[in-house]
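Chain and residue survey
Chain by chain, the residues run as shown.
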Amino acid sequence: MVNAAEMRMGLGDVSPRHPGVAPTVLSMLQSARRGLAEAADESAPGARYVTAHLAALRAAAAVVAARGEPRTRRRKPHSVWELLP
């Protein structure tokens, strides 16, 4: 696990050596990691929650982007949180 200080120093960056993963997805994951580091530095609980939640949404968006089109046309999910499991 990478801590907040390591993320700020760039040690937690996603490696560009992931064959088959689009650079956009890797960029989204890096943005999510930076957001989590920012959340860890927030002193106000409300700001920490909002910043961490936005980082989680960015990570979820990266998962959805990496996943691509669904193979079946069953019931469409109502939110990104339903796609993650």
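Structural notes, computed from the coordinates.

Criteria and cut-off values
Residues numbered from 1 in each chain as written. Predicted model: local features only at pLDDT ≥ 70, side-chain atom pairs only at ≥ 80, totals over all residues. Heavy atoms only, no water. Helix = DSSP H or I, 4+ residues; strand = E, 2+ residues; numbered from the N terminus. Buried < 20%, exposed > 50% of the residue type's maximum accessible area, 1.4 Å probe, protein only. Axes fitted to C-alpha atoms, helices over the stretch in contact; angles between N-to-C directions. Parallel < 35°, antiparallel > 145°, perpendicular 65-115°, else oblique. Left-handed = near helix turned anticlockwise from the far one by under 90°. Contact = heavy atoms within 4.5 Å. Patch = residues over 30% accessible without salt bridge, like charges linked within 9 Å, V, L, I, M, F, W, Y side chains within 5 Å. Areas by Shrake-Rupley, 256 points an atom, 1.4 Å probe, with all protein chains shown as cover. Salt bridge = Lys/Arg side-chain N within 4 Å of Asp/Glu carboxyl O. Expected span 1.5 Å × (residues − 1).

Focus: the overall build of the protein
Along the protein, the regular secondary structure elements total 4 helices and 0 strands. The order of helices and strands in the protein, counted from the N terminus, is α-α-α-α. Out of the 85 residues in the protein, the part that is buried amounts to 16%.

Focus on the packing of helix α2 (residues 23–41) against helix α3 (residues 45–67)
Look at α2 against α3: their axes get within 8 Å of each other, and the N-to-C directions meet at 165°. Put simply, α2 runs roughly antiparallel to α3. Where α2 crosses over α3, the handedness of that crossing is left-handed. Contacts from V25, M28, L29, S31, A32, G35, L36, E38 and A39 in α2 reach R48, T51, A52, A55, R58, A59, A61, A62, A65 and A66 in α3.

Some words on the side chain of T51
Tracing the sequence through the fold places T51 in helix α3. For T51, a relative accessible area of 15% corresponds to the buried category. Those residues in contact with T51, other than ones at most four positions away along the chain, are G35, E38, A39 and E42.

A look at a nonpolar patch on the surface
Together, Y49, V50, L54, L57 and W81 make up a nonpolar patch on the protein surface, roughly 490 Å² of accessible area in all. For the nonpolar patch, the leading source of residues is α3, giving 4 residues. Within the element layout of this structure, Y49 appears in helix α3. Of the residues examined, Y49 reaches a relative accessible area of 57% and is grouped as exposed.

As for α3
In an α-helix there are 3.6 residues to a turn, and that puts residues three or four apart on one side. With 23 residues, α3 should reach 33 Å at 1.5 Å per residue; the first-to-last C-alpha distance of 33 Å fits that figure. The complete set of buried residues in α3 reads T51, A55, A60 and A62. Positioned one or two residues after α3, G68 has a phi angle of 80°, which is positive.

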